[in-house]
Amino acid sequence: MRAVVIRAFGPPEVLEPAETDEVRAGPGEVVIDVELASVTFVETQVRAGRPRHPSMLPALPAVLGNGVGGTVAGAGSGAAPEPGGGSWPA
């Protein structure tokens, strides 16, 4: 899988395109084939190593980001399409 990885905190140049291990959905999780991704101001602060609170710094190497859109590629046991239940379309 392709990802943008940081191995050190710093300027935008620390962002590295990389191949990572394929992921599998665990219980209650889904895997998304990402078609678009966003970068928030907070993520730029974390990348720079200057978040609002030190507890926000991830262990390195890290893949930042949480705003994505795409298609569900896999679902783990117990994953539901909306809170409260349901099932994924066949």
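All of the points below concern the structure found in this document. A quick note: this is a predicted structure, and the numbers were derived from the prediction, not measured.

**Examining the environment of Glu43**
Assignment of secondary structure puts Glu43 in helix H1 (residues 41–48). Distance in space between the C-alpha atoms of Glu43 and Phe9 is 11 Å, their sequence separation being 34 residues. Not counting residues within four places of it along the chain, the set of residues in contact with Glu43 comprises Ser38, Leu64, Gly65 and Asn66. In this structure the side chain of Glu43 is engaged in a polar contact, spanning 3.2 Å, whose partner is the backbone nitrogen of Gly65.

**Here we look at H1**
Every buried residue of H1 is listed here: Glu43, Gln45, Val46, Arg47 and Ala48. Elements in contact with the buried residues of H1: strand S1 (2–6) and strand S2 (15–19). One or two positions beyond H1, positive phi appears at Gly49, with a value near 85 degrees.

**Focus: a nonpolar patch on the surface**
Among the surface-exposed residues, Val30, Ile32, Val34, Val68 and Val72 lie close enough to one another that they form a single nonpolar patch of about 350 Å² accessible area. Listed by contribution, the elements that provide at least two residues to the nonpolar patch are strand S3 (30–37) and strand S4 (68–75). Of all the elements, S3 adds the most residues to the nonpolar patch, at three residues. Inspection of the secondary structure assignment puts Val72 in strand S4.

**Some details on the environment of Val46**
Note that Val46 resides in helix H1. What makes Val46 buried here is its relative accessible area of 7%. In the structure, Val46 is positioned 18 residues away from Leu64 in sequence and 8.4 Å away in space, judged by C-alpha atoms.

**As for the environment of Ala3**
For Ala3, the location among the structural elements is in strand S1. In sequence terms Ala3 and Glu35 are 32 residues apart; their C-alpha atoms lie 12 Å from each other. Setting aside its immediate chain neighbours within four residues, Ala3 contacts Glu16, Pro17, Ala18, Thr20 and Val63.

Calculation notes
Residues numbered from 1 in each chain as written. Predicted model: local features only at pLDDT ≥ 70, side-chain atom pairs only at ≥ 80, totals over all residues. Heavy atoms only, no water. Helix = DSSP H or I, 4+ residues; strand = E, 2+ residues; numbered from the N terminus. Contact = heavy atoms within 4.5 Å. Polar contact = N/O pair within 3.5 Å; in protein donor to acceptor, adjacent residues only side chain to side chain. Buried < 20%, exposed > 50% of the residue type's maximum accessible area, 1.4 Å probe, protein only. Patch = residues over 30% accessible without salt bridge, like charges linked within 9 Å, V, L, I, M, F, W, Y side chains within 5 Å. Areas by Shrake-Rupley, 256 points an atom, 1.4 Å probe, with all protein chains shown as cover. Salt bridge = Lys/Arg side-chain N within 4 Å of Asp/Glu carboxyl O.

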